[in-house]
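Each chain is listed here by its residues.
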Amino acid sequence: MNQLNLFIELTRLKKPIGYMLLFWPCIWGLTLVYDFSQNKNIYFFYLILFFLGAVLMRSAGCIVNDVLDRKFDKLVVRTKDRPIASGKISVKLSLFYAAILCLLAFIVLINFNLFTILLALASMPLAFTYPLMKRYTYWPQLFLGITFNYGLVLAWTSISGSLNLVPLIFYLGAIFWTLGYDTIYGYQDIKDDEIIGLKSTSIKFKGTAKIFLIICYSILIFSLVVGGYLMDFSLYYFLFLLIPFTQLFLYQIKTFDINAPSICLKVFKSNNFFGLLVLMNILIGKVS
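Summarised in this report is the structure supplied together with it. (Residues numbered from 1 in each chain as written. Predicted model: local features only at pLDDT ≥ 70, side-chain atom pairs only at ≥ 80, totals over all residues. Heavy atoms only, no water.)

**Overview of the overall build of the protein**
Argument step 1. Counting secondary structure elements, the protein contains 17 helices and zero strands.
Argument step 2. Scaling as 2.2 N^0.38, a compact globule of 288 residues should have a C-alpha radius of gyration of about 19 Å, and the protein matches this with 19 Å.
Argument step 3. Once the C-alpha set of the protein is aligned to its principal axes, its extents read approximately 55 × 45 × 30 Å.
Argument step 4. Looking at the 288 residues of the protein, the share that counts as buried comes to 52%.
Argument step 5. In the protein, 75% of the contacts between residues at least 6 apart in sequence involve partners at least 24 apart.
Argument step 6. Total accessible area on the protein stands at roughly 13500 Å², and carbon and sulfur atoms take up 70% of it.
Argument step 7. Charge-centre separation for the protein: the mean point of 24 positive side chains lies 3 Å from the mean point of 13 negative side chains. (Helix = DSSP H or I, 4+ residues; strand = E, 2+ residues; numbered from the N terminus. Rg over C-alpha atoms; globule rule 2.2 N^0.38 Å. Buried < 20%, exposed > 50% of the residue type's maximum accessible area, 1.4 Å probe, protein only. Contact = heavy atoms within 4.5 Å. Areas by Shrake-Rupley, 256 points an atom, 1.4 Å probe, with all protein chains shown as cover. Lys, Arg positive; Asp, Glu negative; His and termini not counted. Charge placed at Lys NZ, Arg CZ, Asp CG, Glu CD.)

**As for the nonpolar core**
Argument step 1. Among the nonpolar cores identified, the biggest contains 79 residues, and W28, W177 and Y217 are the most heavily contacted of them.
Argument step 2. Sort the elements by how many residues they give to this core and helix α2 (residues 17–33) lands first, with 13 residues.
Argument step 3. Apart from the residues within four sequence positions on either side, W28 is in contact with L152, A174, W177, F274, G275, V278, L279 and I282. (Core = buried A, V, L, I, M, F, W, Y, C linked by side-chain atoms within 4.5 Å.)

**Considerations on the packing of helix α6 (residues 114–122) against helix α9 (residues 150–160)**
Argument step 1. Where α6 contacts α9, the two axes come as close as 8 Å, and the packing angle between them is 165°. Accordingly, the angle class assigned to the pair α6 and α9 is roughly antiparallel. Two packed elements cross with a definite hand, and for α6 against α9 that hand is right-handed. Residues F115, T116, L119 and A120 of α6 pack against Y150, V153, L154, T157 and S158 of α9.
Argument step 2. For the contact of α6 with α9, the per-class residue count stands at six nonpolar, three polar and no charged. (Axes fitted to C-alpha atoms, helices over the stretch in contact; angles between N-to-C directions. Parallel < 35°, antiparallel > 145°, perpendicular 65-115°, else oblique. Left-handed = near helix turned anticlockwise from the far one by under 90°. Nonpolar A, V, L, I, M, F, W, Y, C, P; charged D, E, K, R; others polar.)

**Some words on the packing of aromatic side chains**
Argument step 1. A full pass over the atoms with the stated rule returns 26 aromatic pairs.
Argument step 2. Note on F205 and F212: the rings are 4.1 Å apart at their centroids and 10° apart in plane angle, and the pair reads as stacked. The pair F205 / F212 is uniform in exposure class, with both members buried.
Argument step 3. What links up through ring pairs into an aromatic cluster is the set W28, W177, Y181, Y185, F268 and F274. (Phe/Tyr/Trp six-rings, centres within 6.5 Å; stacked < 30°, edge-to-face > 60°.)

**Here's the deal with helix α5 (residues 91–109)**
Argument step 1. Between its first and last C-alpha atoms α5 spans 26 Å; for 19 residues at 1.5 Å apiece the expected length is 27 Å, and the two agree.
Argument step 2. Within the span of α5, buried status applies to S94, Y97, A98, L101, A105, V108 and L109. Viewed end-on, α5 has its buried residues packed into an arc of 125°, placing them on one side of the element.
Argument step 3. Looking at the buried positions of α5, the neighbouring elements they touch are α1 (2–11), α3 (41–68) and α6. (Expected span 1.5 Å × (residues − 1). Arc of directions from axis to C-beta.)

**Some points on the environment of M231**
Argument step 1. For M231, the position within the fold is in the loop between α13 (209–230) and α14 (235–240).
Argument step 2. In this structure the C-alpha to C-alpha distance between M231 and V166, which are 65 residues apart in sequence, comes to 7.2 Å.
Argument step 3. Residues in contact with M231, not counting those within four places in the same chain, are L32, W156, V166, F170 and K286.

**Concerning the pattern of salt bridges**
Argument step 1. Considering all chains together, one arrives at eight salt bridges under this definition.
Argument step 2. A salt bridge links R82 to D66; the nearest nitrogen and oxygen atoms lie 3.4 Å apart. Highlighted residues: R82 in the loop between α4 (70–73) and α5 and D66 in helix α3, separated in sequence by 16 residues.
Argument step 3. Look at R82 and you get buried, because its relative accessible area is 15%.
Argument step 4. Residues R135 and D69 are paired through a salt bridge, measuring 3.1 Å at the closest nitrogen-oxygen approach. Taken together, the positions of R135 in the loop between α7 (124–129) and α8 (140–148) and D69 in the loop between α3 and α4 put the pair 66 residues apart, joining distant regions of the chain.
Argument step 5. Looking at D69, the relative accessible area reads 4%, which means it is buried.
Argument step 6. One network of salt bridges, in which partners are shared, links R12, D66, D73 and R82. (Salt bridge = Lys/Arg side-chain N within 4 Å of Asp/Glu carboxyl O.)

If you want it as C-alpha cells, here you go:
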C-alpha cells in the first residue's frame, strides 16, 4: 500500500487538473472533425482512448519531470516533499514506472491510423525534454503549450487521416491558452525559482503579467473565432463565445494576484471549466 500511495503521489493521479488540461484539446479536436450523422460509437471509443492516453502520458511526464528536476524540487517549498526529491522513491524505480506508463500509452496509440501514430511519436522528444527548458529560456510555458495541446492535432488526424488549416488554427489558440494559464500557475513558485535561477514567463513578465495574459487570451479567442468561421459554424457559436471570453477576461485576469499563490492556483484550476465551455461551444457550432 505504501508503494501504491507513492506511485499515486508520483504521478499526481489525485490531481486531475493536469490530465484534464491535456485531455480538453483532444476532445476539442475530435469533436471538431467528427461527423455526428455517422455512427457515434467510434466517437465515444476514441474519446476513451484519448482520455486514457492523456492520463498515461501526463503521469509519465510527471515522473520524468520530477527525475530531471529533483535537485531543484528540494529547494522549492511546494515541491520539496515530492517522492523523488524527498528520497522516498528511487530514480531507477521511477523511470521503470515511466517506461511501463509509456508502454501502456503506446498500446492505446496503435489503435489509431498510421499517420496519427507517426505524428504522436514525433512529438515525444519535445514532450520529455520540456522540463529542461526552464534552465535555458524564459519560455518553458511555450514549449509546454506546443506539447500539451498536440492531442488536438492527433484527434483531428485520427478521424480525417490528414491535416488542414482548421486544426492548426485551434492548435495555435490552445498553445496561447497554455501559455496564459501556466504563467498564472508559475506565480506560486516565483520567489523560489528566482533564487535558484530557473526561468519562466512568470518571471519574465512579472511586472506586466496581466498585459501578457490579455495578449495570450486575445490570441486564443481570435483563434476560436477564425476556426469557427473556417468550420462554417452557426451564429450561435460566435454568440456563445461570450461565455468563455467572460471566464478568461472577467474572472481569470481580473481575479489572479501574483502575490497570492492560493489565488493563482484557484484561477489556474478554473481552466478545467474553460475547457468544458469551449467543448460546449464547438458542439453548439456543430449541431445548430
